[in-house]
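Spelled out from the first residue to the last, the chains are:
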Protein chains: 2
Amino acid sequence: MIGGMAPRTLHVTVPDVDWVDRLADLTDVDLTVWDFSSPQPERHVDLAVRPYTVAAAGLDALDPARLGVIQSQALGFDGVAETLPAGITYCNAVGVHEESTAELAVALLLASQREVDRYAREAGQWNRRFTASLIDRRILLLGQGGIGGELVKRLDGFGAELVRVASRRREDDRGVVHGVDELPSLLPTVDVVVLAVPLTDDTTRLVDDAFLAALPDGAVVVNVSRGPVVDGDAVVREAGRIRFATDVTAPEPLPPEHPLWSTPGVLVSPHVGGMSSAMQPRIERVVRRQVARLLDGLGPDDVVLG
Amino acid sequence: MIGGMAPRTLHVTVPDVDWVDRLADLTDVDLTVWDFSSPQPERHVDLAVRPYTVAAAGLDALDPARLGVIQSQALGFDGVAETLPAGITYCNAVGVHEESTAELAVALLLASQREVDRYAREAGQWNRRFTASLIDRRILLLGQGGIGGELVKRLDGFGAELVRVASRRREDDRGVVHGVDELPSLLPTVDVVVLAVPLTDDTTRLVDDAFLAALPDGAVVVNVSRGPVVDGDAVVREAGRIRFATDVTAPEPLPPEHPLWSTPGVLVSPHVGGMSSAMQPRIERVVRRQVARLLDGLGPDDVVLG
């Protein structure tokens, strides 16, 4: 298709008027606002940028005859395969949230180790005591995808030994990446576990009573993957012996009466790994790249379905 | 003195019985407990390890005829010069607290940027909103001593540009270290300031109304140096526009009714930079090294006075 095509105008929808302003410099692009909650545009849409915070629900009503590509602003796409009509291409947001999510994981981990959450809650009390640290500790990083790589960069300078674990054992220029089958022997040797795995059948409830029981007293588990990777009831049972800091829960939102909120040694943030000032410039770069590819007659990048 | 000396026994005091147990393997050393609050031992003490958390007060009553070297467990030594009798050597704890203090600075900074302190205070509320991040930001590190170097290591992987400032401009293999005289032009260009300077006449109230006014809206100031480096009243006046996270205050302890505790956007920890699990192995290594030097007839390392 390259070369022979006449110049044409790409029809792109964006979820709000701010997006129209940001992309106003684009040429050969007709930009309109559609937030996926109003009816699908009558005209054919080449590329539809989805709102960031929506559930997968609603995709099943889309007409594939009038919609080419959906660009999600999220990295995860749980539930999309079950609802997306055949004929529509779905792209996730690669390179948009990994750095920000890894940053939040380190923020939660450091807050938990150095008890910053306690200082915030006990404001007014000058209550000094020794805390844990990352220095001289072993940190197990479970998941070596985009977030895992950004975790390695950020944790490298903290004087800890990083123990990388992925689905299968391999070696790279940093050394060994252990396989998940090695977890039973690794868990008793580490002080920290950071979970950055995708949600799959294999990772659902990966962190259960047996996983937590294998960790030494005082260990910390940080979860920035997906809530169902961890059995929340097991965490409540092991709290006191194990600390836990998580940006994701099951369910979400976590109801106000859920025991995780009030369990000592548990710190919860409301799924804000990607919700930082780093997001907008990165998702905008993704959308601009996809527009350029479609105008060039190429397929979009980062297709996960369709 | 090297070579000709007969083997002798070094008289070392330590602040508690746990220290006696930890050093029990030392040979040619007579270990006794003295915590500086009971009367000075009648026998001559070659090396006295001071308790970690004591005020400088009390040193003026020491008899230099019966005391050779004091090993402090702290890095700072404010007030010691004014009270230490002539003839006693005072050593600070170099290499013991720098890593831990830099770690806490990053913990406070990340908590402040990603609002982890708010999540801790608002437990039970699923209140998502976008926050600041370190990604793409400029971080000014004021002070290039031991803590400053450890800050650089830890902040290197966070996707921020590090702007290093010391008392005088110089260059090293990382690039330029700016001089403090460049602060007026640098401050408006940075998003974060981390203070890791010693307390001197020049740094007392260095961060005042004019310093804070030069920072852009939304900037964060983190202080892990000494409380008097910052004018706390100026912080209270600028809070709302500038955020502030500090491990040190003036005075310490910060009284419960002090406005810093309750000012929005201000996070206070109770001077616990060095109070982590990293401390004990490091101060023990320092004491063992000093014992070995004294047994070898050498002077102690890290003498700051005497």
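Keep in mind that what you see is a predicted model, and the values were worked out from it rather than measured.

**Describing the relation of the copies chain A and chain B**
When chain A is brought onto chain B, the operation consists of a screw motion whose angular component is 180 degrees and whose axial shift is 0.0 Å, with 0.0 Å RMSD remaining. The two molecules are tied by a two-fold rotation axis, judged by turn and shift. When the interface residues of chain A are mapped onto chain B, 100% of them are again interface residues, pointing to one common binding face.

**Section: the sheet that holds strand β12 (residues 243-246) of chain B**
Residue and element names in this part refer to chain B. Pairing is mixed in the open sheet, where 8 strands are placed in the order β8-β9-β7-β6-β10-β11-β12-β13. Lying at the two open borders of the sheet, with one neighbouring strand each, are β8 (170-172) and β13 (266-268). Taking the axes of each pair of neighbouring strands and ignoring which way they run, one obtains an average angle of 20 degrees across the sheet. Summarising the sheet, strand β11 (residues 220-223) and β12 pair through 4 bridges and their orientation is parallel. Residue V220 lies in a different strand from β12, and its bridge partner there is R243. Where helix α5 (residues 146-155) meets the sheet, its contacts fall on β6 (138-142), β7 (161-166) and β10 (192-195), and the angle it forms with β6 comes to roughly 160 degrees.

**With respect to the domain arrangement of chain A**
Residue and element names in this part refer to chain A. Domain boundaries assigned for chain A yield domain 1 (10-96 + 277-305) and domain 2 (98-268). Placing the centre of domain 1 and that of domain 2 at their C-alpha centroids yields a distance of 33 Å. Across the contact, 8 residues belong to domain 1 and 6 residues belong to domain 2. Carbon and sulfur atoms supply 40% of the area buried between domain 1 and domain 2, which totals about 520 Å² over both sides.

**Focus: unusual backbone geometry**
Cis geometry marks the peptide bond from E252 of chain A to P253 of chain A; its omega dihedral reads -10 degrees. Positive phi is not limited to glycine here, since D302 of chain A has a value of about 60 degrees. By secondary structure assignment, the location of D302 of chain A is in the loop between α9 (279-295) and β14 (303-305). Residue classification places D302 of chain A among the partly exposed positions, given a relative accessible area of 26%. Of note, the phi angle at D28 of chain B is positive, near 60 degrees, even though the residue is not glycine.

**Observations regarding helix α5 (residues 146-155) of chain A**
Along α5 of chain A, 7 of the 10 residues are buried, which leaves the element largely enclosed by surrounding structure. Every buried residue of α5 of chain A is listed here: I147, G148, E150, L151, V152, R154 and L155 of chain A. Each element contacted by the buried residues of α5 of chain A is listed here: α3 (98-114), β6 (138-142), β7 (161-166) and β10 (192-195) of chain A together with α5 of chain B.

**Observations concerning the packing of α3 of chain A against α5 of chain A**
Residue and element names in this part refer to chain A. It is the contact of α3 with α5, at a shortest axis distance of 8 Å, that shows an interaxial angle of 50 degrees. As far as their axial angle goes, α5 and α3 are oblique. Handedness of the α3/α5 crossing: right-handed. Within the contact between the two elements, α3 uses E98, E99, T101, A102, E103, A105, V106 and L109 and α5 uses G146, I147, E150, L151, R154 and L155. In the contact of α3 with α5, the residues fall into 7 nonpolar, 2 polar and 5 charged.

**What about α3 of chain A?**
Spanning 17 residues, α3 of chain A covers 24 Å between terminal C-alpha atoms, matching the ideal 24 Å at 1.5 Å per step. The first or second residue beyond α3 of chain A is E115 of chain A, which carries a positive phi of 60 degrees.

**Topic: the pairing of β6 of chain A**
Residues and elements named next belong to chain A. For β6, a buried count of 4 out of 5 residues is recorded, marking the element as mostly surrounded by other parts of the structure. With 5 bridges connecting them, β6 and β7 associate as parallel partners. Across the sheet, residue L142 finds its bridge partner in β7, namely V165. Read as a crossover between parallel neighbours, the route from β6 over α5 to β7 is right-handed. Relative to β10, β6 is paired through 4 bridges, and the arrangement is parallel. Within β10, the residue paired with L142 across the bridge is L195.

**Concerning the side chain of E103 of chain A**
Relative to the assigned elements, E103 of chain A resides in helix α3. Take E103 of chain A: its relative accessible area is 0%, and that puts it in the buried class. For E103 of chain A, the side chain forms a polar contact with the side chain of S133 of chain B, separated by 2.9 Å. When residues no more than four places from it in sequence are discounted, the contact partners of E103 of chain A are R154 of chain A together with L110, R114, S133, L134, I135 and F158 of chain B.

**Observations concerning the packing of aromatic side chains**
Summed over the entire model, instances satisfying the criterion amount to 7 aromatic pairs over all chains. Ring geometry for W126 of chain A versus W261 of chain B: centroids 6.4 Å apart, planes at 80 degrees, classification edge-to-face. Placement of W126 of chain A in the loop between α4 (116-121) and β6 and of W261 of chain B in the loop between β12 and β13 is noted, with the two residues assigned to different chains. Ring geometry for F158 of chain A and F158 of chain B: centres 6.4 Å apart, planes at 80 degrees, overall edge-to-face. Placement of the pair is F158 of chain A in the loop between α5 and β7 and F158 of chain B in the loop between α5 and β7, with the two residues belonging to separate chains. Since its relative accessible area comes to 0%, F158 of chain B is described here as buried. The cationic tip of R50 of chain B hangs over the ring face of F36 of chain B; the distance from NZ or CZ to the ring centre is 5.8 Å.

**With respect to the interface of chain A and chain B**
Listed per partner, the contact involves 58 residues of chain A and 58 residues of chain B. Contact between chain A and chain B buries roughly 4,900 Å² in total, counting both sides, with carbon and sulfur atoms accounting for 65%. Summed over the three residues of chain A that lose the most area to chain B, namely R114, W126 and R128 of chain A, the buried surface amounts to 17% of that side. Summed over the shared surface of chain A and chain B, the result is 4 salt bridges. In this structure, the salt-bridge partner of R114 of chain B is E103 of chain A, at a minimum N-O distance of 3.0 Å.

Rules behind the numbers
- Residues numbered from 1 in each chain as written.
- Chains lettered and ligands numbered in written order.
- Predicted model: local features only at pLDDT ≥ 70, side-chain atom pairs only at ≥ 80, totals over all residues.
- Heavy atoms only, no water.
- Least-squares fit on C-alpha atoms with pLDDT ≥ 70 in both.
- Contact = heavy atoms within 4.5 Å.
- Pairing = 2+ DSSP bridges.
- Helix = DSSP H or I, 4+ residues; strand = E, 2+ residues; numbered from the N terminus.
- Axes fitted to C-alpha atoms, helices over the stretch in contact; angles between N-to-C directions.
- Domains from an automatic or database assignment.
- Buried area = accessible area lost by both parts, 1.4 Å probe.
- Buried < 20%, exposed > 50% of the residue type's maximum accessible area, 1.4 Å probe, protein only.
- Parallel < 35°, antiparallel > 145°, perpendicular 65-115°, else oblique.
- Left-handed = near helix turned anticlockwise from the far one by under 90°.
- Nonpolar A, V, L, I, M, F, W, Y, C, P; charged D, E, K, R; others polar.
- Expected span 1.5 Å × (residues − 1).
- Right-handed = clockwise from strand over helix to strand, strands pointing away.
- Polar contact = N/O pair within 3.5 Å; in protein donor to acceptor, adjacent residues only side chain to side chain.
- Phe/Tyr/Trp six-rings, centres within 6.5 Å; stacked < 30°, edge-to-face > 60°.
- Lys NZ or Arg CZ within 6 Å of the ring centre and 35° of its normal.
- Salt bridge = Lys/Arg side-chain N within 4 Å of Asp/Glu carboxyl O.

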